[in-house]
Amino acid sequence: MAQEDIATFRTWAMTPPMGWNSWDCYYSSVTEKEVLQNAQYLVDNDLVKYGWEYVVVDIRWYCNHPSLGGGNYNQQGTQGYVLDEYGRYLPSPSRFPSVMVDGKNQGFKALADKIHSMGLKFGIHIMRGVPKSVVGSSYQLKGSEETAWNQVYSGTSSACTWLKDNLTVRYNEYGQLYYNSIFDLYAEWGVDFVKVDDLSRPFYTNEIKMIRKAIDQTGRPIVLSLSPGKTQYTYAQQCLENANMWRMMDDLWDSWSAVDAVFAEAHEWSKYAQPGNYADCDMLPLGQIAMTIADAGYTGAERGRWTNLTEDEQLTMMTLWGICHSPLFFGGEMTKNDAFTLSLLTNEEYHQMHKHGTDAHQVLNNTQTGQTIWTSTDPATGDRYLAIFQRDPSVEQGDIVARSGLISRRGAKSYQLEADITGAEQLKIVVSDWNDGFAYDRADLINPVLIDAEGNETSLATLTATSYSSDWGTLHINRNVENGTLRVDGQAYSTGLGLNAKCTLIYDLPAGHNYTTFRSLCGYDSSCDTDNPSTSGTTLEFIIYTSSSKETECDFDLTQLGYEADELVSVRNIWSRDENIFITSGTLHTTIPLHGVRLFKLHSEATDAIAAPQNEATTTDILFDLQGRPVATPSKGFYIKDGKKWLIQ
Ligand SMILES: [Ca+2]
């Protein structure tokens, strides 16, 4: 057979890249201390063996004063850019002390060495473009006799709209020299991974080409990640030819609606996944996130929050990202992980599926039942992975026990609502937008309480919601959805919940409870009186449902996966690591939690009949190992042939 021609850069990531990234936990304010403590966590918890190997410093490491707190960039006053004599950004010495060696800023060399000595790989984030600081400067363009900065940047092409550090690089030899010069520097430091931002939405074809060339001319394997999303499908081929990974989505945070939106994109991109090329669902905003480190005189420290995703929602995220071969970058401060969060990262069978599963695709997407089903195949055995998701809150499920009727500025501004919840396992509060499609439907629940048979009251504001999903914003406790004072009919309240219609808020009620009544004042938040510029909008209705079951039933027809109707199939639940395998045929019956998933591995004695034959290779084929090196005498295991992953059994 012919020598295959897989692009070299693809061989640098033959399985989806995995690791930690500083953005979700520290925004632009991360320092060396936090980077190293997360690297140490990967080592201490033996996470490298599952593939968690990259440690990535995200945005603005080259500013002494990068942040205004939260996710806000300091773009005024003294930001403290640090550059070398060639107009290339260097890391901030005040945030990354190891950069200073013998009084000179040596960049990330020492940090990269340290990370490598721990058995890990080192990555950085950059913005596309050339620093504005070069304009009118005496910096030398490396590789050029002349100072040709006006040939490097374009003053007319659009620069980044949301961060004003850089100008667009021209598509010419000088532009290429600049990109070469920075990637040469990163190669000297020992960088293994670069995430380039503001590059793929819109899609900057010429800059992507220059960056590809710049990386390849360094001779160092540096994995290239394009950001942000969503990436338009029309650029799929350019992604495949230039990048190891590219984003399906815009920045993803810890809300159910954000996770839920990934399903459609993962389905669209699934046909493109191949070794070395991965559509990226974005980082995992899990554990402790959204903190800011104090930068004296410029920013205040912020404590951040624990992820808003429920455990079932986190399992959903991990399962979808895993089965579609998305890169996995943990976004939280790992040293604060609890046992559950760590357990998401250490499931051997899950990681086998993520790395080596073949033919991953969506089998079914039922918008009526809210069930979405994915499968892939274990090429080593022909066993099938089966992920059954319950995505939709299924408003129709359950019984309506109370409703407010229309709440609006022209009619009733509030309604005192009371619902019988005797015997319910789940309380579901739906706020409709009255189907007028217009915003400013800020909804408040004032003094919402569960009342038991003895008349004792438990405030919903003291309970943790099982889930909250909304078109916009997050659930606010004791504040309105804009984080202002709760105010209904002009009166301020200290206790309640701030929501935004359309939304669904769900509470699992404790087993054996004796609550009989849910009671709350419901109304639109009075801020709409002043903020809504239109005569329409601010129309909503509160509808209360109860349900006697927290999980929905699922009967999956196994013949859809190629099994015979009478074929005995053993089924194991991967996330529960349940040793008890149950055996079924024809139909797999299970129950799925709300916003949850069951991830199964299916095994049949007749597996050979459904094993994908293209995954078989023989020792006479010309094969490459997963790092892309030719293999003279292959033994059992995974190899690369024709740009695809193959298995010798
Ligand atoms: Ca409305």
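Predicted, not measured: the structure shown is a model, and the values here were computed from it.

**Student:** Please set out the packing of helix α8 (residues 256–269) against helix α9 (residues 311–323) residue by residue, giving values where relevant.
**Tutor:** Running from N to C, α8 and α9 cross one another at 25°; their axes reach a closest spacing of 11 Å. Comparing the axis directions of α8 and α9 gives the class roughly parallel. In this structure, α8 crosses over α9, and the sense of that crossing is left-handed. Of the residues in α9, those in contact with W256, V259, V262, F263 and A266 of α8 are E313, T316, M317 and L320. Of the residues in the contact of α8 with α9, the class split is seven nonpolar, one polar and one charged.

**Student:** Would you mind going over the sheet that holds strand β6 (residues 130–131) in detail, with residue names and values included?
**Tutor:** Across the sheet, three strands lie side by side as β6-β8-β7; this open sheet has antiparallel pairing. Only two strands of the sheet have a single neighbouring strand rather than two, namely β6 and β7 (153–154). Two strands pair when backbone bridges link them, and β6 and strand β8 (residues 166–169) are joined in this way by two bridges, in the antiparallel orientation. Its bridge partner lying in β8, V130 is registered against L167.

**Student:** Break down the sheet that holds strand β10 (residues 223–226) for me, with residues and values.
**Tutor:** Taking strand neighbours across the sheet as the criterion, the eight strands line up as β12-β11-β10-β9-β5-β2-β1-β15 in an open arrangement whose pairing is parallel. Pairing within the sheet leaves two strands with one partner each, and these edge strands are β12 (278–280) and β15 (328–330). Averaged over all pairs of adjacent strands, the angle between strand axes in this sheet comes to 25°, irrespective of strand direction. Where strand β1 (residues 18–21) meets strand β2 (residues 54–57), three bridges bridge the pair, whose relative direction is parallel. Bridge assignment links N21 to a residue of β2, and that residue is V56.

**Student:** Can you break down the packing of helix α5 (residues 173–189) against helix α6 (residues 205–218) residue by residue, with the values?
**Tutor:** When two helices pack together, their arrangement is given by the angle between their axes and by how far apart the axes lie. Look at α5 against α6: their axes get within 8 Å of each other, and the N-to-C directions meet at 45°. When the interaxial angle is binned, α5 and α6 end up oblique. Judged by the twist between their axes, the crossing of α5 over α6 is right-handed. Here G175, Q176, Y179, N180, F183, D184 and A187 of α5 come into contact with α6, specifically with M210, I211, K213, A214, I215, Q217 and T218. The residue inventory of the contact of α5 with α6, partitioned by class, reads seven nonpolar, five polar and two charged.

**Student:** With reference to specific residues and values, describe unusual backbone geometry.
**Tutor:** P202 follows R201 through a cis peptide bond whose omega is 0°. Following the sequence through the fold, P202 ends up in the loop between β9 (193–197) and α6. A cis geometry characterises the amide bond from S227 onward to P228, with omega recorded as -10°. Within the secondary structure, P228 sits in the loop between β10 and α7 (236–242). Unusually for a residue other than glycine, Y27 sits at a positive phi of about 45°. With respect to the element layout, Y27 can be found in the loop between α1 (23–26) and α2 (32–44).

**Student:** Help me get a handle on α6, residues and values and all.
**Tutor:** End to end, α6 covers 21 Å across 14 residues, agreeing with the expected 20 Å (1.5 Å per residue, within 8%). On its buried face, α6 sits against β8, α5, β9, β10 and α7. Just past α6, the residue G219 takes up positive phi, approximately 80°.

**Student:** An account of the confidence of the model for the protein is requested, with residue identities and associated values reported.
**Tutor:** Of the residues in the protein, 94% have a pLDDT of 70 or more, and the chain-wide mean is 91. The low-confidence segment residues 608–614, where pLDDT is below 50, has eight contacts with residues more than four positions distant or belonging to other chains.

**Student:** Would you mind going over helix α3 (residues 109–117) in detail, with residue names and values included?
**Tutor:** Listed as buried for α3 are L111, A112 and I115. The buried residues of α3 occupy one face: seen down the axis, they fall within an arc of 100°. Next to the buried residues of α3 lie α2, β2, β5 (121–127) and α5. Following α3 by one or two positions, G119 adopts a phi angle in the positive range, close to 85°.

Rules behind the numbers
- Residues numbered from 1 in each chain as written.
- Predicted model: local features only at pLDDT ≥ 70, side-chain atom pairs only at ≥ 80, totals over all residues.
- Axes fitted to C-alpha atoms, helices over the stretch in contact; angles between N-to-C directions.
- Helix = DSSP H or I, 4+ residues; strand = E, 2+ residues; numbered from the N terminus.
- Parallel < 35°, antiparallel > 145°, perpendicular 65-115°, else oblique.
- Left-handed = near helix turned anticlockwise from the far one by under 90°.
- Contact = placed C-beta atoms within 7 Å.
- Nonpolar A, V, L, I, M, F, W, Y, C, P; charged D, E, K, R; others polar.
- Pairing = 2+ DSSP bridges.
- Expected span 1.5 Å × (residues − 1).
- pLDDT = per-residue confidence, 0-100.
- Buried ≥ 20, exposed ≤ 12 C-beta atoms within 10 Å, placed from the backbone.
- Arc of directions from axis to C-beta.

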